[in-house]
Amino acid sequence: KLEKVWLAIGFITLVAFLTTVGIQAFASGQGAPSGLTKVDPENVEETPPFDDPGLHQIGENEYELVMILQSYGFTPNEVTIPEGATVHFKITSKDVVHGFEIAGTTVNMMATPGHVNETTYTFDEAGSFLILCNEYCGTGHHLMSAELEVE
Ligand code: CUA
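Residues numbered from 1 in each chain as written. Predicted model: local features only at pLDDT ≥ 70, side-chain atom pairs only at ≥ 80, totals over all residues. Heavy atoms only, no water.

A.B. asks: Report on the pattern of salt bridges, specifying residues and quantitative values.
C.D. replies: Applying the stated criterion across every chain, the model contains two salt bridges. Residue Lys90 is joined to Glu64 by a salt bridge in which the shortest nitrogen-to-oxygen separation is 3.3 Å. In this pair, Lys90 sits in strand S6 (residues 86–93) while Glu64 sits in strand S3 (residues 62–70), placing the two residues 26 residues apart along the sequence. A relative accessible area of 16% means that Glu64 is categorised as buried. (Salt bridge = Lys/Arg side-chain N within 4 Å of Asp/Glu carboxyl O. Helix = DSSP H or I, 4+ residues; strand = E, 2+ residues; numbered from the N terminus. Buried < 20%, exposed > 50% of the residue type's maximum accessible area, 1.4 Å probe, protein only.)

A.B. asks: Go over a nonpolar patch on the surface, please, and point to the residues and values.
C.D. replies: A surface patch of nonpolar side chains, amounting to about 430 Å² of accessible area, comprises Leu2, Val5, Trp6 and Ile9. Relative to the elements of secondary structure, Ile9 occurs in helix H1 (residues 2–30). For Ile9, a relative accessible area of 40% translates into the label partly exposed. (Patch = residues over 30% accessible without salt bridge, like charges linked within 9 Å, V, L, I, M, F, W, Y side chains within 5 Å. Areas by Shrake-Rupley, 256 points an atom, 1.4 Å probe, with all protein chains shown as cover.)

A.B. asks: I'd like to hear about the nonpolar core, residue by residue, with values.
C.D. replies: Counting residues in hydrophobic clusters, the biggest one holds 26 residues, and the most contacted among them are Met67, Phe89, Phe100 and Phe123. Of all the secondary structure elements, the ones that give two or more residues to this core are S3, strand S5 (78–81), S6, strand S7 (98–102), strand S8 (108–111), strand S10 (127–132) and strand S11 (145–150). It is S3 that contributes the most residues to this core, four residues altogether. Setting aside chain neighbours within four positions, we find Phe89 in contact with Leu65, Phe100, Ile102, Val107, Met109, Asn117, Glu118, Thr119, Tyr121, Phe123 and Leu148. In terms of nonpolar packing, the next biggest core, distinct from the first, is built from six residues, Val39, Phe50, Val66 and Ile68 among them. (Core = buried A, V, L, I, M, F, W, Y, C linked by side-chain atoms within 4.5 Å. Contact = heavy atoms within 4.5 Å.)

A.B. asks: Please give an account of the side chain of Asn117 that cites residues and values.
C.D. replies: Note that Asn117 resides in strand S9 (residues 115–122). Of the residues examined, Asn117 reaches a relative accessible area of 10% and is grouped as buried. Reaching out from Asn117, the side chain makes a polar contact with the backbone oxygen of Met110 at a distance of 3.3 Å. (Polar contact = N/O pair within 3.5 Å; in protein donor to acceptor, adjacent residues only side chain to side chain.)

A.B. asks: So what about the sheet that holds S5? Which residues, and what values?
C.D. replies: On the basis of which strands lie adjacent, the open sheet formed by five strands has the order S5-S11-S10-S7-S8 and mixed pairing. Since the sheet does not close on itself, it has two edges, and those belong to S5 and S8, each with one partner. Ignoring which end each strand starts from, the neighbouring axes of this sheet average 20 degrees apart. (Pairing = 2+ DSSP bridges. Axes fitted to C-alpha atoms, helices over the stretch in contact; angles between N-to-C directions.)

Spelled out as structure tokens, the structure:
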């Protein structure tokens, strides 16, 4: 008789434990960090804003720059930005993790498949800037770059 009681207690403990683990897994799966919007890497070109990559004016001297990264290039790979413009970058990767660094600026972030990575920068001075992948992504990593003209 006593054995059955202990067995029942053991069973209830097990169920309680599994329920707790399940709830925690569910909660962490739901709670994506803020600023990390999801995007299906398989359908990047069909998912806004990536269905229309490039520079889009969204306000007075304010722009959104949408870029797709993929081994081993950027889409688009040449962008012209008006001097003084504030640019909101929205980028993602179609395959592996790439880096997104604009040499000579503070822009330096990762492009992670499945996420929209965002940052904002104001280009106060005219010039030519190089966008580089600074995250090793394969044999063509050193070739992965794009050009940004501020004029
Ligand atoms: Cu992409 Cu290194």
